[in-house]
Amino acid sequence: MQLDSYLELFTTMYGWAFANIMGEIVTGTGLAALPFALIVFNAWREAKEQGQGFHGVLGLLESVQTRLYTALFVMTVCFATTPITSLHNVNLSYTPTRSLDNSEPQPVSLKSGTRSSYDVAMADAVSGAFSKAGNLSYVPAWWYAVMGISSGINSAFRAGLSSSSRDIRVIEDMARMATIEDPGLLHDLQRFYSECFIPARSQYLAMDKATISTAGKAILAEGSSYGPTDVDWVGSQFFRTEKGFYGTIRSYNPVPGWPIDFARDTDYIQTPAPEGTPEAGYQNPDWGRPTCKEWWESGTMGLREKLISNTSAWRGLSQKVQNTLSFKSADEAKDSVARLGFEKANPVFVSPERIMGDEYGVGTNTWRTVTGAISTWGVANKALDASLAMVPLLNALPMVQALVLMALYMFLPMIIFLSGYDLKVAFYGTLAIFTVKFWSVLWFVARWIDAHLIDAMYPGFSGSAMMQEITQSFSSGQPQIYKRMLLNTLLMLMFVGLPLMWSAILGWMGYRIGMDGELLSQSGKMAVSAGSASKSIPRGRK
């Protein structure tokens, strides 16, 4: 039997354990027979109130017999438990969502363990050690069938609808939680920004754009994977590939970890200078001065590789990005994650206005700050609220579902007993279980729609462009905030609104069925009364 969360594996066991304890209390005290006596008494009372005489005795006996048979049926299938329908006889399992490395998720179950903290914390749910009562895993046949059918419908629906592989939400959540805290890496990034990016950026701003190579113009062209904003960050593809930039510019000072390369470090002395020369006694530094291209992308020594693999979180994010989004090359994928890492590192550097020699006065800066804050505060605040509320909401709702199901299972024996083994109440219980279990299908649909909404709002985006969008959303780019706020709000409404709408529809349907049943019952009683009255009218003479 396929369930929908780790917690539901255990709350299912707890719910039916509590239900069995309540059921044993009712049967052990003899109260289970009370509804049958009440059925006989109510039938006799109704017959007396309607003034039925001797001729109504046969109808009364038939009515009592029908009600007793119905109550006995409901008690047998909805209240009484048997070892045949024990939860230990079925494999309660759960298939997690796809892992970060995009490998096929492995199902977990109570029998083989979930390989999570639930196994230890809730071990007594499986063993039944939390109570001395026996038969805690037994489930009445009716509810056992309802659980199995509901789980089968959920699994069949998910299997019939292929989910989008572009799960941008997972990447966003991982990017939100990933941080750069290594002080050594932050120091190297600061140095690279000052010693490589600022000189290259200044050179680019001052150069004649007509002299840019054809390949360089293709990189900076509108609609390309990199675009005009490529020159706005330290790992610029243009600076790395265009002649005269990162391939030529070197670090100002030696960089620890980089060996001396005399073909590159021509300012170093390869052999000791003879005595009496100006260079006599000169000693080379311990480390070399790499070119900016080497410093950024050269294997594990490069800053790009250090950014995308400095912790397990970043390694998982990098793997997820490459498996989920489409890139033209692995180099482009690494650049996208590294750009996000650089934004998350948030090193302190000189502003672009100062680089361009366009420093504003105090009054102008103050005015720009105030007006910018006023114009974006509202939408940024709403976007932040939606973003912060969405993550715990998506994690909490499956847990709420598991706890609601546990409460339903726990109360079912008492509800069936107090209803007098009413068949209509058993139908209501069936409807409630199916309704709550179907919530997981609605959440699956919500995620599926959300993935397609992202594709609709960002049509034709390659992996690199999508990662730029995610990166800019963390840096509070105003257009991105509006789109992210809209998407987050829609996803939250779907996760909450779809189950509410579904539950309301099923609740209304159950109410109408109950009302129709009462109307039919009243109509039947009126027909019987009319027939009795017609018999009592004297026949006229011929």
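An account of the accompanying structure is given in this report.

Calculation notes
Residues numbered from 1 in each chain as written. Predicted model: local features only at pLDDT ≥ 70, side-chain atom pairs only at ≥ 80, totals over all residues. Heavy atoms only, no water. Helix = DSSP H or I, 4+ residues; strand = E, 2+ residues; numbered from the N terminus. Buried < 20%, exposed > 50% of the residue type's maximum accessible area, 1.4 Å probe, protein only. Areas by Shrake-Rupley, 256 points an atom, 1.4 Å probe, with all protein chains shown as cover. Salt bridge = Lys/Arg side-chain N within 4 Å of Asp/Glu carboxyl O. Polar contact = N/O pair within 3.5 Å; in protein donor to acceptor, adjacent residues only side chain to side chain. Contact = heavy atoms within 4.5 Å. Expected span 1.5 Å × (residues − 1). Arc of directions from axis to C-beta. Pairing = 2+ DSSP bridges. Disulfide = S-S within 2.5 Å. Patch = residues over 30% accessible without salt bridge, like charges linked within 9 Å, V, L, I, M, F, W, Y side chains within 5 Å. Core = buried A, V, L, I, M, F, W, Y, C linked by side-chain atoms within 4.5 Å.

We now examine the overall build of the protein chain. Assigned secondary structure in the protein chain consists of 20 helices and three strands. Evaluated residue by residue, the protein chain yields a buried proportion of 39% over its 542 residues. Accessible area for the protein chain stands at about 28900 Å²; split by element, carbon and sulfur atoms hold 63% of it.

Attention now goes to the pattern of salt bridges. Side chains that differ in sign of charge can pair as their charged atoms come close. Summed over the entire model, instances satisfying the criterion amount to 16 salt bridges. Note that R250 and D265 form a salt bridge whose closest N and O atoms lie 2.8 Å from each other. Of this pair, R250 sits in the loop between α10 (237-241) and α11 (292-297) while D265 sits in the loop between α10 and α11, placing them 15 residues apart in sequence. For the pair shown, R250 and D265 are each scored as buried. Notably, a salt bridge pairs D267 with R289, separated by 2.7 Å at the nearest N-O pair.

For R250, a relative accessible area of 16% translates into the label buried. Side chain to side chain, R250 and D265 meet in a polar contact 2.8 Å long. Here the side chain of R250 touches R289 through a polar contact of 3.2 Å, landing on its backbone oxygen. Every residue in contact with R250, bar those within four places of it in the chain, is listed here: E195, R264, D265, D267, R289, P290, T291 and C292.

This part covers helix α6 (residues 141-160). With 20 residues, α6 extends 28 Å from end C-alpha to end C-alpha; this agrees with the ideal 28 Å at 1.5 Å per step. Turning to α6, its buried residues number three or more, namely W143, V146, M147, S150, S151 and N154. For α6, the angular spread of the buried residues around the axis is 120°, confining them to a single face. Away from the buried face of α6 by more than 90 degrees, exposed residues I149, A156, A159 and G160 are located.

What follows is about the sheet that holds strand β1 (residues 2-3). The strand order across the open sheet formed by three strands is β1-β2-β3, and the pairing between neighbours is mixed. Each edge of the open sheet is held by one strand with a lone partner, namely β1 and β3 (108-109). Relative to β3, strand β2 (residues 93-94) runs antiparallel, the two being bridged by two bridges. When the sheet's bridge partners are listed, S93 is paired in β3 with S109.

By the definition in use, this model includes one disulfide. Between the sulfur atoms of C196 and its disulfide mate C292 the distance is 2.1 Å. Judged by the sign of its S-S torsion, about -90°, the cystine formed by C196 and C292 is left-handed. In this pair, C196 sits in helix α8 (residues 183-206) while C292 sits in helix α11, placing the two residues 96 residues apart along the sequence. According to the relative accessible area criterion, C196 is buried, its value standing at 0%. On the basis of relative accessibility, which here comes to 0%, the residue C292 falls in the buried class.

For the rest of this paragraph, the subject is a nonpolar patch on the surface. A grouping of F427, Y428, W508, M509 and I513 is seen on the molecular surface, where their side chains present a nonpolar patch of about 470 Å² in accessible area. Where the nonpolar patch is concerned, the elements lending two or more residues are α17 (423-437) and α20 (478-536). If you tally residues by element for the nonpolar patch, the top one is α20, at three residues. Within the fold, M509 resides in helix α20.

Ranked by internal contacts, the top residues of the largest apolar core, which has 59 residues, are L9, W16, L87, L92, W143, I416 and Y421. At the level of elements, α1 (6-28), α2 (34-49), α3 (57-78), α6, α16 (362-418), α17, α18 (439-457) and α20 are the ones that each hand at least two residues to this core. Counting residues per element, this core draws most heavily on α16, which supplies ten residues. Not counting chain neighbours up to four residues away, the residues in contact with L9 comprise L3, L92, S93, Y94, V108, L110 and T114.

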